[in-house]
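Working through the structure, step by step
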Amino acid sequence: MKALLVVDVQNGFIGGNLAVAGANNIIPTVNRLIDEFDTVILTQDYHPKDHISFYQNHDGKKPFDTIELPYGTQVLWNAHCIQGTTDADFHANLKADKAELIIRKGFHQDIDSYSAFMEADRATRTGLAGYLRERGIDTVYVVGIATDFCVAWTAMDAVAFGFDCTVITDATAPIDIDGSLDKAMADMAEVGVKFITSKDILNQ
Ligand code: VGL
Ligand code: ZN
């Protein structure tokens, strides 16, 4: 059984507080893929306003600076996808209604979470792997934003948790800071994530 994981197609990343170039352009493709899959799961970046990943919460820091945390290096982002704000809502054009599960992530003040499976401390689980197993799903297709952060970490963790995982590349959009896209693509390939484009699934 397969599922489509739609990562963070939220206002914050589409013209919002952490806008990703070109992210708006993937929505029609994501919607066609949603139509094609029986099981659709959405993820939602969902931070408290005092979240540790926001540069505004660290004196003297600016966007894309890094800090060292107990779990490793953390990139500092503009405050984004704050719980209860429109920035955190799914984009109005996303066919979100079909989703059978929404996994919220990044809600612990002191831990970021790019992956939909496990938070950045590499210990706290979201429950997604257990959910998929209980649903009999062994194969996941990943789309959404951002290719080099939440999509990549989700895809690599899918493999780590034993799922067959394919990223549909033209249904993703990257942030691409300091070579992060090339690195993420190489890292994903190395662990066994597969890549296709949407035309391999949609007859177009
Ligand atoms: C993301 C940076 C911070 C993402 C989320 O969805 O890729 N990136 N929070
Ligand atoms: Zn975030």
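Residues numbered from 1 in each chain as written. Chains lettered and ligands numbered in written order. Predicted model: local features only at pLDDT ≥ 70, side-chain atom pairs only at ≥ 80, totals over all residues. Heavy atoms only, no water.

1. Remarks on the environment of Glu119
Residue placement: Glu119 occurs in the loop between strand 5 (101-105) and helix 2 (128-134). Judged by relative accessible area, which is 1%, Glu119 ranks as buried. For the pair Glu119 and Trp153, spaced 34 residues apart in the sequence, the C-alpha separation amounts to 9.7 Å. Dropping the residues within four chain positions of it, Glu119 is found in contact with Phe107, His108, Ile111, Asp112, Ser113 and Thr124. (Helix = DSSP H or I, 4+ residues; strand = E, 2+ residues; numbered from the N terminus. Buried < 20%, exposed > 50% of the residue type's maximum accessible area, 1.4 Å probe, protein only. Contact = heavy atoms within 4.5 Å.)

2. Observations regarding the pattern of salt bridges
Throughout the structure, instances matching the rule amount to eight salt bridges. One salt bridge connects Asp187 with Lys183, and the closest N-O pair in it is separated by 2.7 Å. Of this pair, Asp187 and Lys183 both sit in helix 4 (residues 180-191), separated by four residues, roughly a single helical turn. What makes Asp187 partly exposed here is its relative accessible area of 24%. Look at the salt bridges and you will find they share partners, linking Asp8, Asp45 and Lys105 into a network. (Salt bridge = Lys/Arg side-chain N within 4 Å of Asp/Glu carboxyl O.)

3. Side note on the coordination of the zinc ion (ligand 2)
All of the protein donors around the zinc ion (ligand 2) are Asp45 (OD), His47 (NE2) and His80 (NE2); their distances to the metal are 2.0 to 2.2 Å. Given four donor atoms and angles of 87 to 168° at the metal, the environment of the zinc ion (ligand 2) is assigned as irregular. Donor residues for the zinc ion (ligand 2), ordered by position in the chain, follow D-x1-H-x32-H. The two residues Asp45 and His47 agree in class, both being buried. (Donors = N, O, S within 2.8 Å, 3.2 Å for Na, K, Ca; no water. Tetrahedral: all angles 85-135°; square planar, octahedral: opposite > 155°, others 65-115°.)

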